Amino acid sequence: MTSYFAPAKLNLTLRVGPPQADGRHPLDSLVCFTNSLGDQISVQPASDLRLEIGGPFAEGLSVGPENLVCRAAQILADAAGKPAKAHIVLIKNLPIASGIGGGSADAAATMLALNHYWGLAFSQKELLAFGAHLGADVPACLMGQPVHMTGTGETLTAVGPLATMGVVLVNPGIACPTGPVYRAYDALGAGPPLAIEPIADISSPDSLLDYLAARPNDLEQAAISLVPEIAEALAALAASPNVRFVRMSGSGATCFGLYDDLAAAQAAKKFIQQGLANRGFWVEADRI
């Protein structure tokens, strides 16, 4: 059996330009990944392609060919010219449609696992090209390290070192699909064309926080207009002890707070859980 970890993806920044002629939006985002919080993919022998899903967020997910995990497996098999034969088990620990790349991370982990399991030896460059067909976040998740994401998600530049900080993730328990958020963003009036700049020094907490403070998540207000509970998540994080920075990730609805270390994040998690008790919010602590 081959297993791969699919960490949560965080858009520490997310600037969004006006839509192009094809409807896609230029992006400028600093992306990183959690240390131990994420989904898990494992691959076992089978006579065909089958997907089994477990974990706290398995309910409602399709195990059919439209699932990104199955699509990732089929793309890889087609590229190799071989039948897709594998029993894939997905343990879903991350909320669905939550702005932290769960589906994209699962697809990326599937490609990495099957590339090894099937003995395909596709290069990272080849895997990145395959992943781009599945979604803008999949290539970044395939790299699995801090990256500067530009273009429409396909242009990735490794960055770092990135300061190690504690992080608390808060999700209101309401799906926030990407498409409607972008449509709401366009309706609010997209900003001017993006002026892309290289990532500055982000190696210390202070330099990282200075960089983040100057670059917003442009989708935040659009997402809040669709899921007002996002504002509650942001407020809960902002009120937590020793928080250094608060923002929404991706297109929402997950929000994050940054802290000096894991111990501070774990203390903040307990504080936030008490304040949001019985509200159905998902709250977890980790490191970036």
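These numbers were taken from a predicted model, which means no experiment stands behind them. Numbers given for residues are sequential positions, taken from 1 along each chain in its written order. Only residues with pLDDT of 70 or above have their local features reported here, since the model is predicted, and side-chain atom pairs are shown and tallied only from 80 upward, although totals for entire chains, interfaces and linings are computed over all residues. Side-chain figures throughout are based on the complete set of non-hydrogen atoms in the structure, without hydrogens or water.

Comments concerning the packing of aromatic side chains
Any two of the Phe, Tyr and Trp rings considered here, Trp counted by its six-membered ring, make a pair once their centres fall within 6.5 Å; the pair's planes then place it as stacked at under 30 degrees, edge-to-face at over 60, or tilted in between. One pass over the full model with this rule turns up two aromatic pairs. Ring geometry for phenylalanine 57 and tryptophan 282: centres 6.3 Å apart, planes at 85°, overall edge-to-face. Highlighted residues: phenylalanine 57 in the loop between β4 (49–54) and α1 (68–80) and tryptophan 282 in strand β11 (residues 282–287), separated in sequence by 225 residues. Under the scheme applied here, a residue whose accessible area is under 20% of the maximum for its type counts as buried, over 50% as exposed, and between as partly exposed, the area being computed with a 1.4 Å probe on protein chains only. Owing to a relative accessible area of 24%, phenylalanine 57 belongs among the partly exposed residues under this scheme. Under the relative-accessibility criterion, tryptophan 282 is labelled buried at 12%. Each helix corresponds to a stretch of at least 4 residues labelled H or I by DSSP, and each strand to a stretch of at least 2 residues labelled E; elements are numbered beginning at the N terminus.

Quick look at the pattern of salt bridges
For this analysis, a salt bridge means a side-chain nitrogen from Lys or Arg found within 4 Å of a carboxyl oxygen belonging to Asp or Glu. On inspection of all chains with the given rule, the structure shows 10 salt bridges. Across the pair arginine 244 and aspartate 206 runs a salt bridge, and its minimum N-O distance is 2.8 Å. Here aspartate 206 lies in helix α6 (residues 205–213) and arginine 244 lies in the loop between α8 (229–238) and β9 (245–248), a separation of 38 residues in the sequence. You can call arginine 244 partly exposed: its relative accessible area is 33%. Using a relative accessible area of 49% as the deciding quantity, one classes aspartate 206 as partly exposed. The salt bridge partner of glutamate 232 is arginine 279, with a shortest N-O separation of 2.8 Å. With glutamate 232 in helix α8 and arginine 279 in the loop between α9 (262–275) and β11, this residue pair connects regions lying 47 residues apart in the sequence.

Focus: α8
When we look at burial in α8, the residues that qualify are Ile230, Ala233, Leu234, Ala236 and Leu237. Down the axis of α8, the smallest arc covering the buried residues is 160°, so these residues share one side. The contact definition used throughout considers only heavy atoms, calling two residues in contact when any of these lie within 4.5 Å. Here the buried face of α8 lies against β8 (166–171), α7 (220–226), β9, β10 (255–259) and α9. Of all possible arcs, the one meant is that of the directions from the helix axis to the C-beta atoms.

Side note on the pairing of strand β1 (residues 2–11)
Judged by how many residues are buried, β1 sits mostly within the fold: seven of 10 residues are covered. We call two strands paired when DSSP finds no fewer than two bridges between them. One ladder, built from nine bridges, connects β1 with strand β3 (residues 27–44); its direction is antiparallel. Its bridge partner being in β3, asparagine 11 is matched across the sheet by valine 31.

Quick word on unusual backbone geometry
Looking along the chain, the bond that leaves glycine 160 and enters proline 161 is cis, with omega of 5°. Within the secondary structure, proline 161 is located in the loop between β7 (155–158) and β8. The omega torsion across glycine 252 and alanine 253 is 10°, close enough to zero to call that bond cis. By secondary structure assignment, the location of alanine 253 is in the loop between β9 and β10. The backbone of alanine 121 shows a phi angle near 60°, a positive value even though the residue is not glycine. Mapped onto the secondary structure, alanine 121 falls in the loop between α2 (102–117) and α3 (124–132). Although it is not a glycine, asparagine 242 sits at a positive phi angle of roughly 65°.

What to know about the nonpolar core
The criterion is simple. A nonpolar core is a set of buried Ala, Val, Leu, Ile, Met, Phe, Trp, Tyr and Cys residues joined through side-chain atoms within 4.5 Å. Among the nonpolar cores identified, the biggest contains 71 residues, and Val168, Val170, Ile230 and Ile272 are the most heavily contacted of them. No other element matches the seven residues that α2 contributes to this core. Look past the residues within four positions of isoleucine 272 in its chain and what remains in contact with it is Val168, Val170, Ala236, Leu237, Ser240, Tyr259 and Val283. Residues Ile202, Leu209, Phe245 and Ile288 belong to the second largest nonpolar core, which totals 25 residues.

A few points about the sheet that holds β11
Judged by pairing direction, the sheet is antiparallel, and its four strands sit side by side in the order β9-β10-β8-β11 without closing on themselves. A single partner strand is all that each edge strand has here, and the edge strands are β9 and β11. Taken over all neighbouring pairs, the strand axes of this sheet differ in orientation by 20° on average, direction set aside. Where β8 meets β11, six bridges bridge the pair, whose relative direction is antiparallel. Bridged to glycine 166 within β11 is arginine 287. Contacts from α9 reach β8, β10 and β11 within the one sheet, and its direction differs from that of β11 by about 175°. Every angle, taken between N-to-C directions, lies between 0 and 180 degrees, and every axis is a line fitted to C-alpha atoms, over only the stretch in contact when it is a helix.

Digging into the packing of α2 against α3
Running from N to C, α2 and α3 cross one another at 135°; their axes reach a closest spacing of 11 Å. If you check the angle between α2 and α3, you find them oblique. Relative to α3, the crossing made by α2 is right-handed. Counted together, Met111, Leu112 and Asn115 of α2 and Leu127, Phe130 and Gly131 of α3 form the full contact between these two elements. Here the term charged refers only to Asp, Glu, Lys and Arg, the term nonpolar to Ala, Val, Leu, Ile, Met, Phe, Trp, Tyr, Cys and Pro, and the term polar to all other amino acids, Gly among them. Taken together, the residues of the contact of α2 with α3 break down into four nonpolar, two polar and no charged. Just so you know how the angles are binned, under 35 degrees is roughly parallel, over 145 roughly antiparallel, 65 to 115 roughly perpendicular, and the rest oblique. Left-handed describes a crossing in which the near helix is turned anticlockwise from the far one by less than a right angle; the clockwise case is right-handed.

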